[in-house]
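So you can see what is in the structure, the chains are spelled out below.
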Amino acid sequence: MNKKVSVRKTYGETLAEYGKVNPDVVVLVADVSSSVQTGYFAKEFPERFFNVGIAEAGMVDTAVGLALGGMIPFVNTFAGLFLRATEQIRTCVAYAKTNVKLVGGYAGLSDFKDGPTHHSITDVAVMRAMPNMAVVVPGDPIEVKKMVKAVAEYPGPVYLQIGRADMPVIFDDNHQIKIGKGVIVREGEEVTIIANGSMLARCLEAAKVLSNEGTDVRVINMHTVKPLDISLIKESAEKTGAIVTAEEHSVIGGLGSAVAEALGKNYPVPLEQVGIADTFAETALDYDLLLDHYGMGINDIVKAVQRVLRRKNALSHSENLKK
Amino acid sequence: MAYSKELIKELEEKAQQLRLDALEMIHHRGQGHPGGALSAAEIIAALFFHHLRIDPDRPNWENRDRFILSKGHACAILYPALAGLGYFPMEDLKNWGHIGAHLQAHPDRLKTPGIEMTTGFLGHGISIGAGLCLSARLKGLDYHVYVLVGDGECQSGVLWEGVMTAAKYKLSNLTAILDYNKVQLDGPLNKIMPLEPIKEKWESFNWKTIEIDGHNIKEVLEALDKAKENKNKPTVIIAHTIKGKGVSFMENKAEWHGKAPDDNEYAQAVKELTARSF
């Protein structure tokens, strides 16, 4: 596997760098500055940094006021803790369409050692359901770096998800991103895997395994869950006839659900979802083992691809019989 | 501070006219929140027809004062004030709550000119006001931020998060006005969840407090000016008011929190409100 880099550190450093270029950026945090690494920004711009204590709901509303005054607030807490501010986010950020950037740290199971209270497997589902809200789940450290500017300059509310873990570097500095636009990371003809976040690297590994077995897999990095790149999904369905989604999130309401909605309406093909089943996980001593244990291992992706290909082949077989 | 008799009389008349307009709107629509609208009439009149540094011709003027109706359900008293100042035509008041109209059941900043922030669910205003004050400081602007809060929303924890934030950053450009009418949706506030000692609560959170009769224009004007003089703390004006003020059968009655008068009740209310001489 490629070199791993701490994405929370990348995020914190990039935010401080970007703060130099954009004087309107302000940062709010609810007593988790050392965890989500907003300390770099605080050191550089103490007057633009606001630690409001353990008060997530009030923090979101305070950010709303800053946005009304023309600032671009980056609001930071654990992804799971943003649920505490859901009504504030719905009413004052999404409905009022204020230019607030919510950054959910310690996403997915990445805070493996702190257990299910600290895991976050529903944040994408909750945020995605809100009108006006963009939802972004970067797939590697380079993408995290590039997203800080993209999120700041995107007009309106954005939810940006950042994990606690180190992530393998997939892209180089020339990597181009645009919120709302998926990226084909690997070309293939037989099946498409659509992934984001930490699962992207695992899907690329799975694609290698499958390639060695003679299966030709397309891999798409869907860093934006909303607005969803429906045309790329439709084009992939038409081209490969089978889709697998992979995300470090509940299979209810996240990327897999978004893709299923798009396929159902535009071009139904067999779909398999890799993610956390409708269950809470548990405490673990190791992040990768926890992902493997809860159905997000490389082998789980391989098996999902094999399942979806069987369904695709069965479909084409029955269609041939009809002819 | 001295305020001319003419000014006080004018603002008293404005407040009474706002009450009539609010009730006309609520009656016409068949829905709305008369109790908490009527209790805030003098506060809204004093702010919008005298105190606020605003210019309806420049609703996006960067250095304008900001007003946030945290108790968004009282918008029937705010909309006619905005219309009266020319933010939108008076005729629009008749379309309140219709599909396609800009006047929503609760204030919507994206639809209605002059509305600074979307409100409706309670408890948000103080934190939002604090954020606005922080951005004024960062942008080197000297506007003042006013937040009208209901007493019921002082029961919500998130409100006090904003109170702490405003105190921590010494936001003296923030003034909260508490419309302390002591009645909420489900009944008397003291029975649902008491707030007393409310003055001491705010003071212990490091806010300056001013206690007034919220139906006395002179006291409202004095308190608003005094709050601006304060240089190192936010201020809350605790305005003692009467829910449904001005209409005898609505006063202090929880049942008038959120229902419209029928034709007879409306006629009676108008009679009472117009009978008052200045």
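Residues numbered from 1 in each chain as written. Chains lettered and ligands numbered in written order. Predicted model: local features only at pLDDT ≥ 70, side-chain atom pairs only at ≥ 80, totals over all residues.

## Side note on the overall build of chain B
Quick reminder of the rule: Helical segments are the DSSP runs of H or I of at least four residues, strand segments are the runs of E of at least two, and each set is numbered from the N terminus. A radius of gyration in this sense is built from C-alpha atoms; the matching globule rule multiplies 2.2 Å by the number of residues raised to 0.38. Three exposure classes are used. Buried residues have 20 or more other C-beta atoms within 10 Å of their own C-beta, exposed residues have 12 or fewer, and partly exposed residues fall in between, all C-beta atoms being placed from the backbone. For the purpose of contact definition, each residue receives a C-beta atom placed from its backbone, and two residues are in contact when these atoms lie within 7 Å.
For chain B, the count of helices and strands is 10 helices and 7 strands. For 278 residues, the compact-globule estimate of 2.2 N^0.38 gives 19 Å, and the C-alpha radius of gyration of chain B, at 18 Å, lies within 12% of that figure. With respect to the three principal axes, the spread of C-alpha positions in chain B is 50 × 45 × 40 Å. For chain B, the proportion of its 278 residues judged to be buried stands at 49%. Taking as baseline every contact in chain B between residues at least 6 positions apart, the subset at least 24 positions apart corresponds to 76%.

## Considerations on the overall build of chain A
When you go through chain A residue by residue, the secondary structure sums to 12 helices and 14 strands. Its C-alpha atoms give chain A a radius of gyration of 20 Å, within 12% of the compact-globule value 20 Å for 323 residues. Here the C-alpha coordinates of chain A stretch approximately 70 × 40 × 40 Å along the principal axes. Burial status across chain A gives 57% buried among its 323 residues. The contacts in chain A between residues at least 6 apart in sequence include a share of 79% that link residues at least 24 apart.

## Let's talk about the interface of chain B and chain A
One widely used convention gives an interface's size as the accessible area the parts lose upon coming together. Cut-off, in case you're wondering: Polar here means any residue other than Ala, Val, Leu, Ile, Met, Phe, Trp, Tyr, Cys and Pro, which are nonpolar, and Asp, Glu, Lys and Arg, which are charged; Gly is therefore polar.
At the junction of the two partners, chain B supplies 23 residues and chain A supplies 24 residues. Examining the composition of the side of chain B that touches chain A, we find that 11 residues originate from one element, helix H5 (residues 125-139) of chain B, more than from any other. Tallied by class, residues from the side of chain B that touches chain A come to 10 nonpolar, 9 polar and 4 charged.

## So, the confidence of the model for chain B
The test is simple: One number per residue, pLDDT, summarises how confident the predictor is, and it ranges from 0 to 100.
Of all residues in chain B, 99% attain a pLDDT of 70 or more, and the chain-wide mean is 97. Predicted complex, confidence summary: ipTM 0.97, pTM 0.97.

## Some points on the domain arrangement of chain A
Residue and element names in this part refer to chain A. Formally: Each domain's limits were defined by an automated method or a database of domain assignments.
Each domain of chain A was delimited in the assignment, giving domain 1 (4-168) and domain 2 (183-322). The straight-line distance from the C-alpha centre of domain 1 to that of domain 2 is 27 Å. Counting residues at the interface gives 27 residues for domain 1 and 31 residues for domain 2. If you list the elements that add at least two residues to the side of domain 1 that touches domain 2, you get helix H6 (123-128), strand S6 (134-136) and strand S8 (166-168). Classifying every residue of the side of domain 1 that touches domain 2 by side-chain character gives 15 nonpolar, 8 polar and 4 charged.

## Some words on the sheet that holds strand S4 (residues 72-78) of chain A
All names here are of chain A. Under the convention used in this document: The pairing criterion for strands is at least two bridges between them, as found by DSSP. Throughout, an axis means a line fitted to C-alpha atoms (over the contacting stretch in the case of helices), and angles, computed between N-to-C directions, take values from 0 to 180 degrees.
Spatial ordering of the open sheet is given by S3-S2-S4-S5-S7-S6-S12, a layout of 7 strands whose pairing is mixed. In this open sheet, the two edge strands, each paired with only one partner strand, are strand S3 (49-51) and strand S12 (224-226). Geometrically, the sheet is characterised by an average inter-axis angle of 20° between neighbouring strands, direction not taken into account. Of the strand pairs in this sheet, S6 and strand S7 (residues 158-161) are connected by 3 bridges, and their pairing is parallel. Across the sheet, the residue bridging to valine 136 is leucine 160, located in S7. Contacts from helix H7 (residues 141-153) reach strand S2 (25-29), S4, strand S5 (101-105), S6 and S7 within the one sheet, and its direction differs from that of S7 by about 170°.

## Thoughts on the packing of helix H3 (residues 41-51) of chain B against helix H9 (residues 217-229) of chain B
Residue and element names in this part refer to chain B. We apply this condition: An angle below 35 degrees is treated as roughly parallel, one above 145 as roughly antiparallel, one from 65 to 115 as roughly perpendicular, and anything else as oblique. Two helices cross in a left-handed way if the nearer one is turned anticlockwise from the farther one by less than a right angle. They cross in a right-handed way if the turn is clockwise.
Following both chains from N to C, one finds H3 and H9 inclined at 60°, their axes separated by 10 Å at the closest point. With respect to their mutual orientation, H3 and H9 come out oblique. Seen along the crossing, H3 lies across H9 with a hand that is right-handed. Between H3 and H9, the residues in contact are Glu42, Ile43, Ala46, His50 and His51 and Ile217, Val220, Leu221 and Leu224, respectively. Across the contact of H3 with H9, the residue classes tally to 6 nonpolar, 2 polar and 1 charged.

## Re the pairing of strand S13 (residues 243-250) of chain A
Residues in a regular strand project their side chains so that they alternate between the two faces of the sheet. All names here are of chain A. Stated formally: Whether a crossover is right-handed comes down to one check: with the strands pointing away from the viewer, does the path from the first strand over the helix to the second run clockwise; if it does, it is right-handed.
For S13, the buried fraction is high: 8 of the 8 residues fall into the buried class. Across 4 bridges, strand S10 (residues 191-195) lies against S13 in parallel orientation. From the neighbouring strand, isoleucine 193 faces S13, where its bridge partner is valine 244. Sheet topology places S13 next to strand S14 (residues 271-276); 5 bridges connect them, and they run parallel. Each bridged residue has a counterpart across the sheet, and for isoleucine 243 the counterpart in S14 is leucine 271. What joins S13 to S14 is helix H10 (residues 255-266), and the crossover it makes is right-handed.

## Overview of the pairing of S10(A)
Residue and element names in this part refer to chain A. Most of S10 is tucked away, with 5 of its 5 residues classed as buried. Of the two faces of S10, both are covered, the one formed by Val191, Ile193 and Ala195 as well as the one formed by Thr192 and Ile194. Between the parallel elements S10 and strand S11 (residues 217-221), the chain passes through helix H8 (residues 199-212) in a crossover that is right-handed.

## Concerning the sheet that holds strand S7 (residues 235-240) of chain B
All names here are of chain B. Taken in spatial order, the 5 strands of this open sheet run S1-S2-S3-S7-S6, and their pairing is parallel. Looking along the sheet, the strands with just one partner apiece sit at the ends: strand S1 (66-69) and strand S6 (208-213). Averaged over neighbouring strand pairs, the angle between their axes works out to 20° when direction is ignored. Of the strand pairs in this sheet, strand S2 (residues 145-150) and strand S3 (residues 174-180) are connected by 6 bridges, and their pairing is parallel. Following the sheet pairing, valine 147 is matched in S3 by alanine 176.

## Some remarks on the packing of helix H4 (residues 56-68) of chain A against H5(B)
When two helices pack together, you describe them by how their axes are tilted relative to each other and by the distance separating the axes. Packing of H4(A) against H5(B) leaves a shortest axis separation of 6 Å and a crossing angle of 45°. With respect to H5(B), the element H4(A) is oriented oblique. As H4(A) packs across H5(B), the resulting crossing turns out to be right-handed. Side by side, H4(A) and H5(B) meet where Gly58(A), Asp61(A), Thr62(A), Ala63(A), Val64(A), Gly65(A), Leu66(A) and Leu68(A) of the first sit next to Ser127(B), Ile128(B), Gly129(B), Ala130(B), Gly131(B), Leu132(B), Leu134(B) and Ser135(B) of the second. A per-class count over the contact of H4(A) with H5(B) returns 8 nonpolar, 7 polar and 1 charged.

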